[in-house]
Amino acid sequence: MLNIRIQFLKDEINKHNYNYYVNDNPTISDYEYDKLFAELKQIEAEHPELVTPDSPTQRVGSVSEKFLPFTHTHRLYSLDNTYNYDDLKSWYEKITKEYGSQVELVCELKIDGLAIALTYENGVFTRGVTRGDGITGEEITQNLKTIKAIPLKLKDGVSLDVRGEIYMPKSSFEKLNAENLEKGEKLFANPRNAAAGSLRQLDSTITAKRDLSMFTYTLVNDGLKEPPKTHYDSIMYMKEQGFKVNPNIKLCKNADEAIAYCKEWENKRFDLDYATDGVVIKVNKIAIQEDLGFTSRVPKWATAFKFPPEEIETKLLDIELSVGKTGALTQIGRAHV
């Protein structure tokens, strides 16, 4: 009976985590959630032999002496960048010359965060590694377990690898900097910088206090008996498994539709609560991806269209010093936009 109750609590908590952190649609109050979580913690404390790696209680952080290097099973490549639509058309034309005039593309917003590789064995999250140089990264599994947008257990008990981008929402970044300013602590330059600093804390209880999230964008098909035949289908499969995927993904028939997508989001992106610096465009059909392959550095079947850099002119009016609780001084620039 105790095992049944534990499984019920885990399923309920995981469901509500998914609704809150992935769907942005909470279905119970914080009070009701806390009651479920407290009951699970109490049972596990009384019966530690029943604690499993996929339990929601295992998201609580711990302290590590250092991060260990880990060689990626599948290399993480970079992307070629394009800054104008003519280059994007040229890239597409090279592909259509070989594969026909209508090669479907998938457009995804390029999240300004940190690339990460996650490994699941029999449906359970077992390892998370930073991108590093693409060949070797650092294992930061405990820190990643604190991020509730990362499922600890998949709906199907499959073994697979996925790639994603860790980011800090703009609203959370502003809140963190406001708190650090009050404490006289270091201010982060931008959300990506804040996410990087949060993710590489040796004490993962600090990571747990930061509001990090992740969009998943690549499925490595090795562990699936019937892998998806298109990139778009792989995104939908990951969503079904409990991963958070970007809702603004779009399937495009050709380069013209991809360009229209880029133009649509060049200014619209500023309304989002996360930073984006471009659009990633990928060939949709996996068979064509595999046939095109890679250069020594990048996939031939994908490219990134980069938005113009965000620039603003301002006049510095004054610099003030703020004294934090620890006595540390922080310089604050006052400017006129």
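Residues numbered from 1 in each chain as written. Predicted model: local features only at pLDDT ≥ 70, side-chain atom pairs only at ≥ 80, totals over all residues. Heavy atoms only, no water.

**Student:** How should the overall build of the protein be read in this particular structure?
**Tutor:** Secondary structure assignment for the protein yields 10 helices and 13 strands. Counting all 337 residues of the protein, 46% fall into the buried class. In the protein, the share of contacts with a sequence separation of at least 24, taken over all contacts with a separation of at least 6, comes to 72%. Carbon and sulfur atoms provide 50% of the accessible area of the protein, an area that totals close to 18,300 Å². (Helix = DSSP H or I, 4+ residues; strand = E, 2+ residues; numbered from the N terminus. Buried < 20%, exposed > 50% of the residue type's maximum accessible area, 1.4 Å probe, protein only. Contact = heavy atoms within 4.5 Å. Areas by Shrake-Rupley, 256 points an atom, 1.4 Å probe, with all protein chains shown as cover.)

**Student:** Sorry, what's going on with the sheet that holds strand 3 (residues 105-111) here?
**Tutor:** Note on sheets: strands pair through backbone hydrogen bonds, and any given pair is parallel or antiparallel. The strand order 2-11-10-3-9 describes an open sheet built from five strands, whose pairing is mixed. In this open sheet, the two edge strands, each paired with only one partner strand, are strand 2 (81-82) and strand 9 (250-252). Pairing of strand 10 (residues 276-283) with strand 11 (residues 302-306), which is carried by five bridges, proceeds in the antiparallel orientation. By the bridge assignment for strand 11, G278 is matched with K306. Taken strand by strand, helix 3 (residues 85-99) contacts strand 2, strand 3, strand 10 and strand 11, and its axis lies near 170° from that of strand 11. Sitting on the sheet, helix 8 (residues 231-241) is in contact with strand 3, strand 9 and strand 10, with an inclination near 55° to strand 3. (Pairing = 2+ DSSP bridges. Axes fitted to C-alpha atoms, helices over the stretch in contact; angles between N-to-C directions.)

**Student:** It is not clear to me how helix 3 should be interpreted in this structure. Could you clarify?
**Tutor:** Along an α-helix, residues three or four apart share an orientation, since each turn contains 3.6 residues. Its 15 residues give helix 3 an end-to-end C-alpha distance of 21 Å, which sits within 8% of 21 Å, the value for a rise of 1.5 Å per residue. Among the residues of helix 3, those classed as buried are L88, W91, Y92, I95 and T96. The buried residues of helix 3 occupy an angular sector of 130° when projected down its axis, which confines them to one face. Opposite the buried face of helix 3, at more than 90 degrees from it, the exposed residues are D86, K94, K97 and E98. Taken together, the buried residues of helix 3 touch strand 2, strand 3, helix 9 (255-268), strand 10, helix 10 (286-292) and strand 11. Of the residues flanking the end of helix 3, it is G100, one or two places downstream, whose phi is positive at about 105°. (Expected span 1.5 Å × (residues − 1). Arc of directions from axis to C-beta.)

**Student:** Before we go on, may I ask you to explain the side chain of T276 in this structure?
**Tutor:** When you line up the elements, T276 lands in strand 10. Ignoring anything within four residues of it in the chain, the contact list for T276 reads L109, K110, I111, D112, R269 and F307.

**Student:** Would you explain the packing of aromatic side chains in this entry?
**Tutor:** To describe a pair of aromatic rings, one takes the distance between the centres and the angle between the planes. The final tally for this structure, using the stated rule, is 11 aromatic pairs. Seen in terms of ring centroids, Y120 and F243 are 5.3 Å apart; in terms of plane orientation they differ by 90°. Their pairing is edge-to-face. Highlighted residues: Y120 in strand 4 (residues 114-121) and F243 in the loop between helix 8 and strand 9, separated in sequence by 123 residues. No difference in accessibility class separates Y120 from F243, as the two residues are buried. When the ring of F215 is compared with that of Y274, the centres are 5.1 Å apart and the planes differ by 70°; the resulting orientation is edge-to-face. Note that F215 is positioned in strand 8 (residues 213-220) and Y274 in the loop between helix 9 and strand 10, a separation of 59 residues in sequence. When sorted by exposure, F215 lands in the same class as Y274, which is buried. Taken together, the aromatic side chains of Y77, F294 and W301 make up a single cluster linked through ring pairs. The ring of Y18 is capped by K155, whose NZ or CZ atom sits 5.4 Å from the centre of that ring. Above the face of the W265 ring, K268 is positioned so that its terminal group lies 4.5 Å from the ring centre. (Phe/Tyr/Trp six-rings, centres within 6.5 Å; stacked < 30°, edge-to-face > 60°. Lys NZ or Arg CZ within 6 Å of the ring centre and 35° of its normal.)

**Student:** Would you mind going over the pairing of strand 10 with me for this structure?
**Tutor:** Each regular strand displays side chains that alternate between the two surfaces of the sheet. Across the eight residues that make up strand 10, a large majority, eight, are buried. For strand 3 and strand 10, the ladder comprises seven bridges, and the chain directions are antiparallel. Bridge pairing in strand 10 links V106 to K282.

**Student:** So what exactly am I meant to see when it comes to the packing of helix 3 against helix 9 here?
**Tutor:** Any two packed helices are characterised by the angle at which their axes cross and by the distance between the axes. Across the interface, helix 3 lies against helix 9 with an axial gap of 10 Å and an inter-helix angle of 150°. The angle between helix 3 and helix 9 places the two elements in the roughly antiparallel class. Considering the relative orientation of helix 3 and helix 9, their crossing is right-handed. Across the interface between the two elements, Y85, L88, K89 and Y92 of helix 3 pack against A255, D256, I259, C262, K263 and E266 of helix 9. Each residue belonging to the contact of helix 3 with helix 9 can be placed in one class, and the counts come to six nonpolar, no polar and four charged. (Parallel < 35°, antiparallel > 145°, perpendicular 65-115°, else oblique. Left-handed = near helix turned anticlockwise from the far one by under 90°. Nonpolar A, V, L, I, M, F, W, Y, C, P; charged D, E, K, R; others polar.)

**Student:** Explain helix 9 to me, please; I cannot follow it from the model alone.
**Tutor:** With 14 residues, helix 9 extends 20 Å between its outermost C-alpha atoms, agreeing within 8% with the 20 Å of an ideal straight helix rising 1.5 Å per residue. Three or more residues of helix 9 are buried, namely A255, A258, I259, Y261, C262 and W265. Buried residues in helix 9, looked at end-on, bunch into an arc of 155°, giving them a common side. What points out from helix 9, more than 90 degrees from its buried face, is the exposed set D256, K263 and N267. Among the residues of helix 9, the N-terminal cap falls to N254, whose side-chain oxygen and the backbone nitrogen of D256 are separated by 3.2 Å. (Polar contact = N/O pair within 3.5 Å; in protein donor to acceptor, adjacent residues only side chain to side chain.)

**Student:** Looking at this structure, I do not really get the pattern of salt bridges. What am I missing?
**Tutor:** Charged atoms that come close allow side chains of opposite charge to pair. A full pass over the atoms with the stated rule returns 10 salt bridges. Two residues, D54 and K153, come together in a salt bridge whose shortest N-O distance is 3.8 Å. Of this pair, D54 sits in the loop between helix 2 (30-46) and strand 1 (68-71) while K153 sits in the loop between helix 4 (141-145) and strand 7 (160-167); the two residues are 99 residues apart in sequence, bridging distant segments of the chain. Given a relative accessible area of 6%, D54 falls into the buried group. For K153, a relative accessible area of 42% translates into the label partly exposed. The shortest N-O distance in the salt bridge between K282 and E108 comes to 3.3 Å. Here E108 lies in strand 3 and K282 lies in strand 10, a separation of 174 residues in the sequence. Each member of the pair K282 and E108 is classed as buried. Several salt bridges converge on common partners, so that one network encompasses K10, D54 and K153. (Salt bridge = Lys/Arg side-chain N within 4 Å of Asp/Glu carboxyl O.)

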